[in-house]
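Understanding the architecture of this molecule
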Amino acid sequence: RRHGEPAASCRRGQDSLTFRFHCRSAYTNVFYSLFDLKLHSPYIKQKEVGLVAGWEPRKAVRDKTKSGPAQMDPKKQVKIKTGVLRRSYKEFLSYEKERSQQEARIAKLKSDGADQADIKKQEEVLGETLAMIPGAKNRIHSALDDLNATLTDYADDEALVTSKECEEARAALADIEPLVSVYDE
């Protein structure tokens, strides 16, 4: 092996493999360890020894006491999804505001006869803003669909339908849906 070329060695443990990556110095002819990678796995032991009586690889067991999105309280789901919708719409409005400000800034620079490099830089900034608007629209549409689906799924839950969270969700939908359809055109 030439000096300076990387090399690797492997050492097998009882239930692990250790790979050592090293390199020989071009000047002192000494090996320098770059890094070690140690893999622990019950499968290494299983392949080496065979299936030991009563030994099986561990299976991932989901703790059913913890709540995931599927087991979350419907009121909490509606509150979170309403917040996502409002935040997405606020983000979209900020991009629209930035777009109009940037267009006004470019028009002012052109009317004042500013340097072409300054105008080009502002047009690049406008392009970055315009590139963000479709993603923001998609996030609003997915938040609208998600909230509508959640409200439809729990339409027969009387406690949810009469709750404050559901009223806020309906108000957000009533406010945002017509405005989004205007921006889609």
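Structural notes, computed from the coordinates.

Calculation rules
- Residues numbered from 1 in each chain as written.
- Predicted model: local features only at pLDDT ≥ 70, side-chain atom pairs only at ≥ 80, totals over all residues.
- Heavy atoms only, no water.
- Helix = DSSP H or I, 4+ residues; strand = E, 2+ residues; numbered from the N terminus.
- Buried < 20%, exposed > 50% of the residue type's maximum accessible area, 1.4 Å probe, protein only.
- Contact = heavy atoms within 4.5 Å.
- Salt bridge = Lys/Arg side-chain N within 4 Å of Asp/Glu carboxyl O.
- Expected span 1.5 Å × (residues − 1).
- Polar contact = N/O pair within 3.5 Å; in protein donor to acceptor, adjacent residues only side chain to side chain.
- Bend = angle between axes of the 7 residues up to and from the residue.
- Core = buried A, V, L, I, M, F, W, Y, C linked by side-chain atoms within 4.5 Å.

**Some points on the side chain of S88**
Among the secondary structure elements, S88 is positioned in helix 2 (residues 74–112). Residue S88 is classed as buried on the basis of its relative accessible area, which comes to 8%. In contact with S88, other than residues within four places in its own chain, are R139 and I140.

**Observations concerning the pattern of salt bridges**
With the rule as written, the count across this model stands at 7 salt bridges. With a closest N to O distance of 4.0 Å, D112 and K108 form a salt bridge. With D112 and K108 both in helix 2 and 4 residues apart, this pair spans about one turn of that helix. Judged by its relative accessible area of 55%, D112 is exposed. A relative accessible area of 53% means that K108 is categorised as exposed. Beyond isolated ion pairs, a larger network of salt bridges with shared partners links E96, R99 and E103.

**Digging into helix 3 (residues 116–153)**
Counted at 1.5 Å a residue, the expected span for helix 3 with its 38 residues is 56 Å, and the 56 Å between its end C-alpha atoms agrees. Those residues of helix 3 that sit buried are I119, Q122, L126, T129, I133, A136, I140, A143, L144, L147, T150 and L151. Against helix 2 and helix 5 (164–184) lie the buried residues of helix 3.

**Quick word on the side chain of S163**
The topology assignment puts S163 in the loop between helix 4 (158–161) and helix 5. With relative accessibility at 6%, the residue S163 sits in the buried group. One polar contact links the side chain of S163 to the main-chain amide nitrogen of C166, over a distance of 3.3 Å.

**Quick word on helix 5**
Between the first and last C-alpha of helix 5 there are 30 Å, a value that for 21 residues agrees with the 30 Å anticipated at 1.5 Å per step. A bend of about 25° at I176 is the largest found in helix 5, and the proline P178 appears one to four places after it. Those residues of helix 5 hidden inside the fold are in contact with helix 2, helix 3 and helix 4.

**Considerations on the nonpolar core**
Within the largest apolar cluster, 19 residues are counted, with the highest numbers of intra-cluster contacts made by L85, I140, L147 and L151. When contributions to this core are tallied by element, the ones reaching two or more residues are helix 2, helix 3 and helix 5. In contact with L151, not counting residues within four places along its chain, are V78, C166, A169 and L173.

**Quick notes on the environment of Y95**
Relative to the assigned elements, Y95 resides in helix 2. We classify Y95 as buried; its relative accessible area is 16%. Remark: the alpha-carbon pair of Y95 and I133, spanning 38 residues in sequence, is separated by 6.4 Å. Among residues more than four places away in sequence, those in contact with Y95 are T129, M132, I133 and A136.

Note that all results are geometric; they support no functional claim without further evidence.
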